[in-house]
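Letter by letter, the chains look like this.
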Amino acid sequence: QVQLVESGGGLVQAGVSLRLSCAASGRTVSSSTMGWFRQAPGKEREFAAAISRIGGYTYYADSVKGRFTISSNDVKNAVYLQLNGLKPEDTAVYYCAASTRPYAWGDVSRYEYWGQGTQVTVSS
């Protein structure tokens, strides 16, 4: 069992940066891939970024590539998402997720554990 808790969201103006954190606890050694997903009102949950514990490779959705950066600290059992150049269309609930599968990347079905989410609202 893995528990995930996100934090760092807020209401910001366009162009502002935020740093989201995900604190993991439980049997974290079983997690091979950590990812960030987001869900806007009335839309499906979409992939944003992922990082593999095997090799440390990262993978990004085209919509956030160049603006968002995912990182992790295995010692602290934490995953982070740096959001730069925020746009109103980035407004969503951001979820941290963990997968026991290596290189799960953007496949939402391969993630077994999810946090409660943290709200990011970007005003124009």
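This text goes with the structure placed above it.
The shown structure was predicted, so the numbers you read here are calculated from the model rather than taken from an experiment.

## Thoughts on unusual backbone geometry
For step 1, the next point in the chain: In this model, Asn 77 sits at a positive phi of 50°, which is unusual for a non-glycine residue.
For step 2, the next point in the chain: Along the chain, Asn 77 turns up in the loop between strand E7 (68-73) and strand E8 (78-83).
For step 3, the next point in the chain: Relative accessible area serves as the criterion here: at 30%, Asn 77 is assigned to the partly exposed category.
For step 4, the next point in the chain: Despite not being glycine, Tyr 103 has its phi angle at roughly 55°, a positive value.
For step 5, the next point in the chain: Checked against the element boundaries, Tyr 103 lands in the loop between strand E9 (92-99) and strand E10 (113-114).

## Focus on the pairing of E8
For step 1, the next point in the chain: Of all the six residues making up E8, five are buried; the element is thus mostly covered by neighbouring parts of the structure.
For step 2, the next point in the chain: Where E7 and E8 come together, six bridges link them in antiparallel fashion. If you follow Asn 73 over to E8, its bridge partner there is Ala 78.
For step 3, the next point in the chain: As consecutive antiparallel partners, E7 and E8 are separated by four residues, and within that stretch Asn 77 has a phi angle of approximately 50°, a positive value.

## Some points on the state of the cysteines
For step 1, the next point in the chain: In this structure the tally under the stated criterion is one disulfide.
For step 2, the next point in the chain: Between the sulfur atoms of Cys 22 and its disulfide mate Cys 96 the distance is 2.1 Å. One disulfide, between Cys 22 and Cys 96, carries an S-S torsion of -80° and so falls in the left-handed class. Note that Cys 22 is positioned in strand E3 (residues 18-26) and Cys 96 in strand E9, a separation of 74 residues in sequence.

What counts and what doesn't
- Residues numbered from 1 in each chain as written.
- Predicted model: local features only at pLDDT ≥ 70, side-chain atom pairs only at ≥ 80, totals over all residues.
- Heavy atoms only, no water.
- Helix = DSSP H or I, 4+ residues; strand = E, 2+ residues; numbered from the N terminus.
- Buried < 20%, exposed > 50% of the residue type's maximum accessible area, 1.4 Å probe, protein only.
- Pairing = 2+ DSSP bridges.
- Disulfide = S-S within 2.5 Å.

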